[in-house]
Amino acid sequence: MFARGAGVPTTSSAAPAAWEAALASADLPVAYSLGKSPRPRLGIAALLPSGMSGEAELADLVLTERLTVADLRSRLDGHLPAGHRLVDLYDVWLGAPSVMAQLVAADYRVQVSGAMTSELAATCTTLIAAASLERSRQKGDGRAVGYDLRPLILSLAAESLAGPAAEPTPDTTLRMRLRHAQDGPAGRPDEVVLAFGESIGRPLELGSIVRERLLTTDLPEAG
């Protein structure tokens, strides 16, 4: 059985180990990889970076026995890693592409301050209209590698935290849809916020970052 789950995880890069322990305690018929160090066949779509939370993360799990969704949910109940909540489960064809291979984009909700919402809304238009947004990333060996951020931005919007009918406020929610494929660089919300600051001529203060959901090729809106 090939199951796909959506849930709310913590912001820890140790999520795979936490899930492996949870699956073991739930006494599930989990399939294991071959080799000297067999591991549960659990595929997390995209690990959350440190400091970021998620609301609908995706993972694949391969079982050696066919279970109903209700049975699988019941067995997982009370065994999920701390800070996680199971949102939904899907029965997936065993020959289907993995969720990692189907990943194309992610939606983010980012709180910022340092500019009025109207100014940030205008900047959304400016950044989307840009031909390119050249930036660089630091690699683990200290090298700076240049890349174009613009193709990684699929959509941008700015919303006042006080609501559209309230007085102008320097606290804004930026909503971003960023490319997140396995065969190239993924868009990072913090780097988009840096691009906003460069466009308006002053840095923005970055608050919370929430990855609201991951989009895969089988979703109509993913394009």
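Everything numeric in this text was worked out from a predicted model, so none of it was measured.

Chemist: Hey, could you run me through the overall build of the protein in this one?
Modeler: A count of helical and extended segments in the protein gives five helices and 11 strands. Looking at the 223 residues of the protein, the share that counts as buried comes to 43%. Within the protein, residue pairs in contact and separated by at least 24 positions form 72% of the contacts whose partners lie at least 6 positions apart. Only carbon and sulfur atoms are counted for the fraction: they give 54% of the accessible area of the protein, which is about 11,600 Å².

Chemist: Honestly, the sheet that holds strand β9 (residues 153–160) in this entry has me stumped. Any pointers?
Modeler: Hydrogen bonds between backbone groups are what pair the strands of a sheet, and the pairing can be parallel or antiparallel. Sheet architecture is open: five strands sit in the order β3-β11-β6-β10-β9, paired in mixed fashion. Unpaired on one side and paired on the other, β3 (53–54) and β9 mark the two borders of the sheet. Across nine bridges, the pairing between strand β6 (residues 103–113) and strand β10 (residues 171–179) is antiparallel. For Val112, the partnering residue across the bridge sits in β10 and is Thr172. Packing against the sheet, helix α5 (residues 189–200) makes contact with β6, β9, β10 and β11 (205–216), and its axis sits at approximately 120° to β10.

Chemist: Mind showing me how you'd approach helix α1 (residues 15–25) here?
Modeler: Three or four residues apart is the spacing at which side chains of an α-helix point the same way, because the helix has 3.6 residues per turn. Residues of α1 that are buried include every one of Ala15, Trp19, Ala22 and Leu23, and no others. The buried residues of α1 occupy one face: seen down the axis, they fall within an arc of 100°. Looking at the buried side of α1, the elements it contacts are β2 (42–44), β4 (57–62) and α2 (69–76). Following α1 by one or two positions, Asp27 has its phi on the positive side, about 55°.

Chemist: Quick question: what am I supposed to make of the pattern of salt bridges here?
Modeler: For side chains bearing opposite charge, pairing can occur when the charged atoms are close. Using the criterion set out here, one finds 15 salt bridges in the structure. Salt-bridge contacts for Arg39 lead to Glu20; the nearest nitrogen and oxygen are separated by 2.6 Å. Of the two residues, Arg39 is situated in the loop between α1 and β2 and Glu20 in helix α1; the sequence distance between them amounts to 19 residues. Taken together, the salt bridges that share partners define one network made up of Glu55, Arg109, Glu159, Arg175 and Glu212.

Chemist: What is the right way to look at helix α4 (residues 117–129) in this model?
Modeler: The end-to-end C-alpha separation of α4 is 19 Å, in line with the 18 Å expected for 13 residues at 1.5 Å each. Its buried side turned inward, α4 meets β6, β9, β10 and α5.

Chemist: Help me out: how do you make sense of the environment of Gln182 in this one?
Modeler: Looking at where Gln182 falls in the secondary structure, it is placed in the loop between β10 and α5. Residue classification places Gln182 among the partly exposed residues on the basis of a relative accessible area of 49%. With 81 residues separating them along the chain, Gln182 and Ala101 place their C-alpha atoms 6.7 Å apart. The residues touching Gln182, leaving out its near neighbours within four places in the chain, are Ala45, Met100 and Leu103.

Chemist: Explanation requested: the nonpolar core in the structure shown.
Modeler: Most often, soluble globular proteins keep nonpolar side chains buried together rather than apart. Ranked by internal contacts, the top residues of the largest apolar core, which has 33 residues, are Leu174, Met176 and Phe196. Looking at this core, the elements that each hand over two or more residues are β6, α4, β9, β10, α5 and β11. Membership of the second largest hydrophobic core comes to 11 residues, among which are Leu28, Leu61, Leu63 and Leu76.

Chemist: I keep staring at the packing of α4 against α5 and nothing clicks. Help me out?
Modeler: Describing two packed helices takes the angle between their axes plus the distance from one axis to the other. Orientation of α4 relative to α5, taken along the N-to-C sense of each, is 100°, at an axis distance of 10 Å. Taken together, the axes of α4 and α5 lie roughly perpendicular to each other. Touching Glu119, Leu120, Thr123, Cys124, Thr126 and Leu127 of α4 are Ala195, Phe196, Ser199 and Ile200, all from α5.

Definitions and limits used
Residues numbered from 1 in each chain as written. Predicted model: local features only at pLDDT ≥ 70, side-chain atom pairs only at ≥ 80, totals over all residues. Heavy atoms only, no water. Helix = DSSP H or I, 4+ residues; strand = E, 2+ residues; numbered from the N terminus. Buried < 20%, exposed > 50% of the residue type's maximum accessible area, 1.4 Å probe, protein only. Contact = heavy atoms within 4.5 Å. Areas by Shrake-Rupley, 256 points an atom, 1.4 Å probe, with all protein chains shown as cover. Pairing = 2+ DSSP bridges. Axes fitted to C-alpha atoms, helices over the stretch in contact; angles between N-to-C directions. Arc of directions from axis to C-beta. Salt bridge = Lys/Arg side-chain N within 4 Å of Asp/Glu carboxyl O. Expected span 1.5 Å × (residues − 1). Core = buried A, V, L, I, M, F, W, Y, C linked by side-chain atoms within 4.5 Å. Parallel < 35°, antiparallel > 145°, perpendicular 65-115°, else oblique.

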